[in-house]
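The lines below spell out each chain.
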Amino acid sequence: MIRRLRMVDFKVFHDQELHFKPGTTAIVGPNGSGKTSILEAIEFALFRGVTRKEKAIKKVEELIRHSQRKAKVELDFVAPVNRREYRVVRTIHPGETNADLFQMGKMEPEVSDPKRVDAEVVRLLGIDRNAFSALTYVRQGEIFKLSRDFPSKRRSSLYSMMGLGVYEDAGKKVGTQAKTFGSEADQIDAARNELTQVKDILPTRDEIESALKALVEIEKEIGSRELLDELRRVVMRVDKSLSSVEDELASPRMTQRPEELREESELANHLKSILDAIPDIAEKQLRPHIREEARSLFREIFGDRYSDLVIDDDYDVTLFDIQGNEVPLKAASGGEDVCVNFALRVAVNTALQKYSIAGPPPGLIILDEPGAGLDEERRRWLPDAVQGLQAVEQVIVVTHMSELKGATDQIISLTPQGKGRQPLVET
Ligand SMILES: Nc1ncnc2c1ncn2[C@@H]1O[C@H](COP(=O)(O)OP(=O)(O)OP(=O)(O)O)[C@@H](O)[C@H]1O
Ligand SMILES: [Mg+2]
C-alpha cells in the first residue's frame, strides 16, 4: 500500500506531495494535467524505470522537469511481506540515478545503490516489475492486453500476475546448477582417467625399490659415486611423482567429490521438477476462484445483456447472451472487451488476495483511464465496479471523466495552471 509520494522536478511537478489512504482514490483532471505522471513517479520510485507502450523508456532523464538539472521522487509504502513501512528515495541526474531505501523512522538508509535498492524493493513487494505491470498497474490504453494476447502469452501474463514467475525463474536457475554439478563431476572423472594413465606409465613401487637396491650393488662394485648419485636422484624423482599421483588419486576430491556432485545434481534436478510444477498447481488451485470472481463481476456489470462469462483452461473467454447464445470475445464490442479485461484482472487480484499460496499480493491496483472506450451506458458501471474492489486494499483510478466523482473514498484533483507551472492539486 502506498502512503505518500513526493515529486521534485518530476515532469510537470515542481515540488508536490500527495498522501494516499487505503480504499479507493480517484485522480482526476483534464488531459495533460499530470495524472499519468503521478503513476509514473510511483513506478519509477519502485523500479527505477517507466514503462510506456509495453517498453521501458530508454532515458529516464526525460522525466526531469524541463530546464531543471535533477529530479527526485520519494515514496512511502507498506511492504506486503512484513507490513512494515519503508521510504524509497531516488534522484535522477543526467547520466545516473541514485537510490536509498529507509525503514520508516530511521535516519540511515537500510540499502543504498540503485541495483541493491531495486532488488530489495522486489523482495519487499513480493513481485517484480513484470508482475507489477501485469497485476498492479494497468496502463493507459493497455486494458485490452489480456483478452487480445494469444492464449500462451495470456497464460504467462496470468502466471506473472499470480506471482508465479518466480518459480519458473528459480526452476531455471536450479536446473543450470544441476548441470554445473554434473559437468564438474565429469571433469573430475576425466582428470582421474588421465592420472590413472600416467600412473600406468610410471614404474611401480617394487620396480623403484629394486632399482635403488641395484644402485647400491653397483656402487659397491665400481666405487664411483658421482654417476650413481645422479641416477639415484632420478629414481627418487620418479618415486616422488608416483607418490603424488597416488596421493591425488586417493584424495577425497577424486574419490568422493564426483559422487557428492552427482548426488547434489540429482537433488537439484528433483527440486527443479518440484519448482516447475508449482505454478501449474497454484494456477489450478486458483483457476476456479478466478473464474467465479470474473464471472460475478462481469454479470454485475453486464447482467442486462449477457447471461454468462466462461473462461476455459487456456483462459479463452466466451460470453453468453441473455438467450444463451455463444458470443466469442472477438465478436464483442470494444467496450465489452474492456469490461472482460477489467473483470479478469480484478478477479485475479481478488482470488489471490483470498486464496494465494504465495505471499500476499501488493494489495494495490492502479488503473489509468479504465473507462476509455466505453459508451455512456457502460461507463455508468465504473463507479460500482470500482467500489466493488473491496478485496483489494488500495485502488487508484485515473480518469478525466466525471463519472467517478463521488464514487471513491478520496479524490485528488489536478488543475493545470498554464505552461511551465505545476498543476494545482486539491484533495
Ligand atoms: N520532462 C517534462 N517536464 C515538464 N513537463 C513534461 C515533461 N515530460 C512531459 N511533460 C508534460 O507533462 C504533461 C502531463 O502528462 P501526463 O501524461 O501526466 O498527463 P495526463 O493527465 O495523464 O493526461 P491524459 O488525460 O491525456 O492522459 C504533458 O502535458 C507533458 O507534455
Ligand atoms: Mg494520462
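This text goes with the structure placed above it.
Analysis parameters
- Residues numbered from 1 in each chain as written.
- Chains lettered and ligands numbered in written order.
- Predicted model: local features only at pLDDT ≥ 70, side-chain atom pairs only at ≥ 80, totals over all residues.
- Heavy atoms only, no water.
- Pairing = 2+ DSSP bridges.
- Helix = DSSP H or I, 4+ residues; strand = E, 2+ residues; numbered from the N terminus.
- Contact = heavy atoms within 4.5 Å.
- Axes fitted to C-alpha atoms, helices over the stretch in contact; angles between N-to-C directions.
- Expected span 1.5 Å × (residues − 1).
- Buried < 20%, exposed > 50% of the residue type's maximum accessible area, 1.4 Å probe, protein only.
- Core = buried A, V, L, I, M, F, W, Y, C linked by side-chain atoms within 4.5 Å.

Comments concerning the sheet that holds strand E2 (residues 13-19)
Part 1: Reading across the sheet, the six strands line up as E2-E1-E6-E7-E8-E9 and stay open at both edges, with antiparallel pairing between neighbours. On the outer flanks of this sheet lie E2 and strand E9 (111-112), each paired with one strand and no other.
Part 2: Bridge count for strand E7 (residues 85-93) against strand E8 (residues 96-103) is eight bridges, and the pairing is antiparallel. Its bridge partner being in E8, Val88 is matched across the sheet by Leu101.
Part 3: The sheet strands contacting helix H1 (residues 35-47) are strand E1 (2-10), E2, strand E6 (71-78), E7 and E8, and the helix crosses E1 at an angle near 100 degrees.

Regarding the sheet that holds strand E13 (residues 326-328)
Part 1: Spatially, three strands are ordered E11-E12-E13 in an open sheet, and the strand pairing comes out antiparallel. Edge positions in the sheet fall to strand E11 (306-311) and E13, since each has one partner strand and no second. With strand direction ignored, the average angle separating the axes of adjacent strands in the sheet is 30 degrees.
Part 2: On top of the sheet, helix H10 (residues 257-302) reaches E11 and strand E12 (317-321); it is set at about 155 degrees to E11, its chief contact.

Overview of helix H2 (residues 114-125)
Part 1: A rise of 1.5 Å per residue sets the reference length of H2, with its twelve residues, at 16 Å; its end C-alpha atoms lie 16 Å apart and thus fit the reference within 8%.
Part 2: Turning to H2, its buried residues number three or more, namely Pro114, Val117, Asp118, Glu120, Val121, Leu124 and Leu125.
Part 3: In this structure, the buried residues of H2 make contact with H1, E6, E7, E8 and E9.
Part 4: At the C-terminal side of H2, Gly126 shows a positive phi close to 80 degrees.

Some words on the nonpolar core
Part 1: Among the nonpolar cores identified, the biggest contains 47 residues, and Leu5, Met7, Ile38, Leu46, Leu75, Phe77 and Leu101 are the most heavily contacted of them.
Part 2: For this core, the element with the highest residue contribution is H1, accounting for eight residues.
Part 3: Those residues within four positions of Leu75 in sequence are excluded, and the remaining contacts are Ile2, Arg4, Leu5, Ile42, Ala45, Leu46, Tyr86, Arg87 and Val88.
Part 4: Counting residues in hydrophobic clusters, the runner-up holds 41 residues, among them Val327, Cys339, Ile365 and Val386.

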